Amino acid sequence: MYRTHTCGELKATDEGERVTLSGWVDRIRDLGGVKFVILRDRYGKTQIVVNPDSPVYSKVDEISREDVIQIEGTVRKRPKEAVTNELTGEIEVVVERLEILSKSKLPPFYPGDEVSEEVRLKYRYLDLRSARMTNNLIVRHKMAFATRAYLSDKGFLEIETPYLTKSTPEGARDFLVPSRLKKGNFYALPQSPQLLKQLLMVSGMDKYFQIVRCFRDEDLRADRQPEFTQIDIEMSFVHMEDVLQLAEGLARHIYATIGINLPEKFDKVPFEEAMEKYGSDKPDRRYGMEMMDLTQYFKNSDFKIVKDIIDKDGFVKGFKANIPMSRKIADEYSEFVKGYGLGGILWFKIENGQITSTTAKYLENEYVAISKDYNVSEGDVFILAVHEDREKLNTALGALRLKIGKQYMKVSGYDALWVIEFPFLEWSDEEQRFVARHHPFTMPYIEDIENNVEPAKIRAYAYDMVINGFEAGGGSIRIHKREIQEKVFEMIGLSKEEANEKFGFLLEALQYGVPPHGGIALGLDRLVSIAVSVENIREVIAFPKTSSGTCLLTNAPSTVSQAQLDEVGITLKQ
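Position numbers for residues start from 1 in each chain and track the written sequence from start to end. Selection of residues for local features in this predicted model requires a pLDDT of at least 70, selection of side-chain atom pairs for listing and counting requires 80 or more, and totals for whole chains, interfaces and linings are taken over all residues. Processing note: side-chain calculations cover all non-hydrogen atoms of the structure and skip hydrogens and water entirely.

## Points about the overall build of the protein
Logical step 1: In terms of helices and strands, the protein carries 15 helices and 22 strands.
Logical step 2: Only protein chains enter the accessibility calculation, which uses a 1.4 Å probe; a residue whose area is less than 20% of its type maximum is buried, one above 50% is exposed, and one in between is partly exposed. Sorting the 574 residues of the protein into buried and exposed places 49% on the buried side.
Logical step 3: Only heavy atoms enter the contact rule, under which two residues are in contact if any of them lie within 4.5 Å. Contacts spanning at least 24 positions in sequence make up 68% of the contacts within the protein whose residues lie at least 6 apart.
Logical step 4: Summed over all atoms, the accessible surface of the protein reaches about 28,800 Å², with 49% contributed by carbon and sulfur.
Logical step 5: For the purpose of charge, His is not counted, nor are the chain termini; Lys and Arg are scored as positive and Asp and Glu as negative. Where a charge sits is defined by one atom per residue type, namely NZ (Lys), CZ (Arg), CG (Asp) or CD (Glu). Both charge centroids of the protein, one from 77 positive and one from 89 negative side chains, sit 3 Å from each other. Numbering goes from the N terminus for both helices and strands, where a helix is a DSSP run of H or I of at least four residues and a strand is a run of E of at least two. Working definition of accessibility: Shrake-Rupley area with a 1.4 Å probe, residue cover restricted to the visible protein chains.

So, in structure tokens, the structure goes:
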């Protein structure tokens, strides 16, 4: 028996018990007489005491940090002054036997050390020994377990869908897998089980879920990975509200499991309102600083920078913040919004009861009116920007708002909401056509189509769950009638031939009695990262890729032999 207890288990009630522990050497302290070893495993740490008269006293000199050892000894209470708040802080184990199970060479870093992420990912197995990473994976496990329990209790079936499937590139790029048996043909790794879970609804499964790995060959960011895990859900005979209620209940349940209380009711915010107020379709409202349309105050302005844009039917928007402001800070913010296509910012502040600004002599009347109507008081700063493109203006100011919030404001708690009424279509400059904003299987507002609403204004029965400014998940009510699905394919520029080539199996299935259905996919990686308060989802994935899609641990992706390429009939371009 390697151990009778773990390193996080023993308490004062175990005093006098003879125990066997195994784990990693976390620390060694030699006080010139008694020697102390801190033994660690994923459950915690236990202090080991080796007295000078112990038969293994000299053996302590043979061990080093990160060696794996086994000890046998007797539990005793620590002196009162030595008791700590740790799990095993009341006790220590007096050692009578010590065996080295495995020696460790000097590691590039010790668990918990501050080192670069590149080094941490290269030696991920060492990084995962740290209390921080261990806790992240434990939280992830608890949330996944709670998901299965909640959905099973609601009558959902966990059903696996295949990883090798058909390429249906109407979204991100597919990862392609060549077929050896059918040379020249390819499988694709699923971007999501979207069509397969819809087919499960056609089959009458009624309530499906899966904690599933998905793959997207797209450019990476801090919150993206080429492979990720989502809680995938689909339901039959539901309206949008049914899906929202189920997903809210699930989110509250899995967070409550780890001691986090989400709001009892998630607000519903239309997409247009989110963009107008926060410049983002995933707003973090904890920062406040709602954006306001201030165009009316500048209709008669003579200030050329503003007048030229107003004359082009442009807009002025801004928000109030209680932050430091100087010419240097304003220049920094101007450079920031230039990256979003704006020319810079305008600003004013109230200092000693007076309006202060580098542009006060040109826009004093406007600033006075704004400060009066919006209760701008001592210490407040008003940041404004102008542009003829309202969408670009909203996006730039929204990004600046978030930058300022993170820079100056400490927020806590959990803000959870639904963003609804997304645009059904968006224009793709790359493809020079309208594409589905979510995916082409989302049900549009039929009345918008019947009323000949311009394509960019057609609304979709799509919804995103947003928690603390992060998109935690998204879904939609699906199209369940073939004629509507064919119409949507036509709207996004797919010919009948292309639609049948890519989605013929779905179109055929839609002829055989399909219930109204909808669903959602919640990002497990993102839900966990919110729970443990990290922005980068790499911190909650055991073996993630870098932002360039590389696994530093295994050096994937890597080249393969010519023989392997020949087997699947692939010739590489030089």
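That was the structure; now back to the text.
## Looking at the sheet that holds strand E12 (residues 292-293)
Logical step 1: Strands are treated as partners if at least two bridges between them are detected by DSSP. With antiparallel pairing, the five strands of this open sheet are ordered in space as E12-E13-E16-E14-E15. Because the sheet does not close on itself, it has two edges, and the strands there are E12 and strand E15 (354-356).
Logical step 2: Of the pairings in the sheet, the one linking E12 to strand E13 (residues 315-321) comprises two bridges and is antiparallel in character. What sits directly across from Met292, in E13, is Gly318.
Logical step 3: Lying over the sheet, helix H10 (residues 390-408) contacts E12, E13 and strand E16 (381-387), oriented at roughly 15° with respect to E13. Angular values range over 0 to 180 degrees, each being the angle between N-to-C directions of two axes fitted as lines to C-alpha atoms, with helices fitted over their stretch in contact.

## So, helix H5 (residues 240-257)
Logical step 1: Between the first and last C-alpha of H5 there are 26 Å, a value that for 18 residues agrees with the 26 Å anticipated at 1.5 Å per step.
Logical step 2: Considered for burial, the residues of H5 that qualify are Met240, Val243, Leu244, Leu246, Ala247, Glu248, Gly249, Leu250, Ala251, Ile254 and Tyr255.
Logical step 3: Directly beyond the C-terminal end of H5, a positive phi value near 85° is found at Gly259. By this rule, a helix spans an expected 1.5 Å times one less than how many residues it contains.

## Remarks on the packing of helix H8 (residues 327-338) against H10
Logical step 1: Close contact between H8 and H10 brings their axes to 10 Å; oriented N to C, the two are set at 135°. By the angle class used here, H8 and H10 are oblique. Of the two elements, H8 crosses H10, and the hand of that crossing is right-handed. Of the residues in H10, those in contact with Ile329, Glu332, Tyr333, Phe336 and Val337 of H8 are Ala396, Ala399, Leu400, Lys403, Ile404, Gln407 and Tyr408.
Logical step 2: Residue classes follow a fixed rule: Ala, Val, Leu, Ile, Met, Phe, Trp, Tyr, Cys and Pro count as nonpolar, while Asp, Glu, Lys and Arg count as charged, and any other residue, Gly among them, counts as polar. Considering only residue class, the contact of H8 with H10 consists of nine nonpolar, one polar and two charged. Between 65 and 115 degrees an angle is taken as roughly perpendicular, under 35 as roughly parallel, over 145 as roughly antiparallel, and anywhere else as oblique. Take the far helix as your reference; a near helix turned counterclockwise from it by less than a right angle gives a left-handed crossing, and one turned clockwise gives a right-handed crossing.

## Focus on the packing of aromatic side chains
Logical step 1: Whether two aromatic rings pair depends on their centres lying within 6.5 Å, for rings of Phe, Tyr and Trp, where Trp uses its six-membered ring; planes under 30 degrees apart make the pair stacked, over 60 edge-to-face, and the rest tilted. Following the criterion strictly, the structure yields 17 aromatic pairs and no others.
Logical step 2: Seen in terms of ring centroids, Phe441 and Phe503 are 5.3 Å apart; in terms of plane orientation they differ by 75°. Their pairing is edge-to-face. Within this pair, whereas Phe441 is found in the loop between strand E19 (433-436) and helix H11 (446-450), its partner Phe503 is found in helix H13 (residues 496-509), the two being separated by 62 residues in sequence.
Logical step 3: Classification of Phe441 by relative accessible area gives buried; the value is 6%.
Logical step 4: Each residue in the set Tyr297, Phe348, Tyr367, Tyr374 and Phe382 is aromatic and connected to the rest through ring pairs, giving one cluster.
Logical step 5: Remark: a charge is flagged as sitting over a ring if the NZ atom of Lys or the CZ atom of Arg is within 6 Å of the ring centre and within 35 degrees of the ring normal. The ring of Phe36 is capped by Arg29, whose NZ or CZ atom sits 4.8 Å from the centre of that ring.
Logical step 6: Sitting over the ring of Tyr123, Lys122 keeps its end group 5.7 Å from the ring centre.

## As for empty space enclosed by the protein
Logical step 1: Definitions used for this entry: grid spacing 1 Å over protein atoms alone; cavity, a set of points where a 1.4 Å probe fits but cannot get out; pocket, an open set with protein on both sides within 12 Å along at least 5 of 7 lines; lining residue, one with an atom within 4 Å of a point. Grid points are joined across faces, edges and corners, and a volume is the space filled by probe spheres set on the points. Applying the stated criterion across every chain yields a total of one cavity of 30 Å³ or more.
Logical step 2: By volume, the largest cavity is sized at about 30 Å³.
Logical step 3: What lines the largest cavity is simply Arg213, Gln225, Glu227, Ile541, Phe543, Pro544 and Lys545.
Logical step 4: For the lining of the largest cavity, the per-class residue count stands at three nonpolar, one polar and three charged.

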